[in-house]
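Fold and geometry: a report
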Amino acid sequence: MNSENLSRREIVEKCIVRGLLVAAVPMSQTNLLALWQKGENQAIRPTPPEVLGPFYKKGAPDTPVLRGPGDPGFPLHVSGRVCNTRGDLVEGARIDVWHADYYGKYDVQGYRYRAKVSPDARGEYAVETIMPGHYPDRPAQHIHYLISAPGHKTLVTQVYFATDPYFEGNPDRNCHKGGIVQNRESIRPVMLYEGSGAPRAAVAFDIVLEKA
Ligand SMILES: [Fe+2]
């Protein structure tokens, strides 16, 4: 039988018989196969979409640094990976980010706090900015994202911050307050760093894209 005619299950069974797939602890062939297939079928949930909003603007500069010297606002580092629902790194992704300034204003004339970045060879992206301000229409601090990648659905989403006073110290209880945040998982923990310079905050926000 040609290997192209074998089912994935048969291929895995052959691997078990030939010792190409072995358990780290004593386990029957049936349990080993079941465990492998369970892992194969596990998919990562795609990052929840959000609305694009009225402040998106094409043509943002290609830079990971949105923060300028002396800008008001708490310094913030946002980083993460871009992968697909199988956990594989996505190549060729482009990420637009934009957010309000410290005072809750979007720059609609220019490109302050707007940028386009690409993940590096390890699939990781990072931006240096400030913690966004609040504005009356959407009074929870957030950063907008638009992510595109070859062979994948374009995703529009947002990240929020667990330290935001809007959540009153309890994002689990208050995540849906006011209908602002659609998904609890979009509210990320904030890490505070104190080095030789000024303190800064850091947030990890991985992005999971669906195939087109
Ligand atoms: Fe916004």
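Cut-off values and rules
Residues numbered from 1 in each chain as written. Predicted model: local features only at pLDDT ≥ 70, side-chain atom pairs only at ≥ 80, totals over all residues. Heavy atoms only, no water. Helix = DSSP H or I, 4+ residues; strand = E, 2+ residues; numbered from the N terminus. Contact = heavy atoms within 4.5 Å. Areas by Shrake-Rupley, 256 points an atom, 1.4 Å probe, with all protein chains shown as cover. Lys, Arg positive; Asp, Glu negative; His and termini not counted. Charge placed at Lys NZ, Arg CZ, Asp CG, Glu CD. Pairing = 2+ DSSP bridges. Donors = N, O, S within 2.8 Å, 3.2 Å for Na, K, Ca; no water. Tetrahedral: all angles 85-135°; square planar, octahedral: opposite > 155°, others 65-115°. Buried < 20%, exposed > 50% of the residue type's maximum accessible area, 1.4 Å probe, protein only. Salt bridge = Lys/Arg side-chain N within 4 Å of Asp/Glu carboxyl O. Domains from an automatic or database assignment. Patch = residues over 30% accessible without salt bridge, like charges linked within 9 Å, V, L, I, M, F, W, Y side chains within 5 Å.

1. With respect to the overall build of the chain
Per the secondary structure count, the chain includes 3 helices and 10 strands. Listing the helices and strands of the chain from first to last along the sequence gives α-α-β-β-β-β-β-β-α-β-β-β-β. Sequence separation of 24 or more characterises 68% of the internal contacts of the chain that already satisfy a separation of 6 or more. Only carbon and sulfur atoms are counted for the fraction: they give 53% of the accessible area of the chain, which is about 12,200 Å². One way to put it: in the chain the 25 positive side-chain charges average out to a point 2 Å from where the 23 negative ones average out.

2. Regarding the sheet that holds strand β6 (residues 155–161)
Taken in spatial order, the 5 strands make up an open sheet running β3-β2-β5-β6-β7, and their pairing is mixed. Every interior strand has two partners, whereas the edge strands, β3 (114–117) and β7 (187–188), have only one. One ladder, built from 2 bridges, connects β6 with β7; its direction is parallel. Pairing of F161 across the sheet is with R188, part of β7.

3. Overview of the coordination of the iron ion
Under ideal tetrahedral coordination, the four donors around a metal are separated by 109.5 degrees; under ideal octahedral coordination, the six donors are separated by 90 or 180 degrees. The protein atoms that coordinate the iron ion are Y106 (OH), Y135 (OH), H142 (NE2) and H144 (NE2), at distances of 2.0 to 2.1 Å. Considering all 4 donor atoms around the iron ion, angles at the metal cover 92 to 155° and the coordination shape is irregular. All donors of the iron ion belong to a single chain; written as a sequence motif, their spacing is Y-x28-Y-x6-H-x1-H. Here Y106 is found in the loop between β2 (94–98) and β3, whereas its partner H142 is found in strand β5 (residues 142–148), with 36 residues between them in sequence. Here Y106 matches H142 in class, with each residue buried.

4. Observations regarding the pattern of salt bridges
Pairing is possible between side chains that carry opposite charge, provided their charged atoms lie close to one another. This model, assessed by the stated rule, comprises 9 salt bridges. The shortest N-O distance in the salt bridge between R122 and D120 comes to 3.4 Å. Residue R122 is classed as exposed on the basis of its relative accessible area, which comes to 57%. In this structure D120 comes out as partly exposed when scored by relative accessible area, which is 35%. Two residues, R184 and D172, come together in a salt bridge whose shortest N-O distance is 2.7 Å. Within this pair, whereas R184 is found in the loop between α3 (171–174) and β7, its partner D172 is found in helix α3, the two being separated by 12 residues in sequence. The exposure class assigned to D172 is exposed, which follows from its relative accessible area of 56%.

5. A closer look at the environment of L21
By the secondary structure assignment, L21 is in the loop between α1 (8–17) and α2 (29–41). A sequence separation of 166 residues divides L21 from I187, and the C-alpha atoms of the two residues are 39 Å apart. Aside from chain neighbours lying at most four places away, what touches L21 is V12, C15, I16, L32 and W36.

6. Concerning the domain arrangement of the chain
Along its sequence, the chain is carved into domain 1 (3–41) and domain 2 (75–209). Domain 1 and domain 2 are separated by 40 Å when their C-alpha centres are compared.

7. Remarks on a nonpolar patch on the surface
A cluster of nonpolar side chains, namely V25, M27 and L35, defines an oily patch on the protein surface of about 260 Å² accessible area. Looking at the element boundaries, V25 is found in the loop between α1 and α2.

8. With respect to the environment of I180
Assignment of secondary structure puts I180 in the loop between α3 and β7. I180 gets classed as buried once you look at its relative accessible area, which sits at 9%. Each C-alpha atom of the pair I180 and V25 lies 48 Å from the other, and the pair is 155 residues apart in sequence. Non-local contacts of I180, meaning those with residues more than four positions away in its chain, are made with E50, D137, R138, P139, A140, Y160 and Y166.

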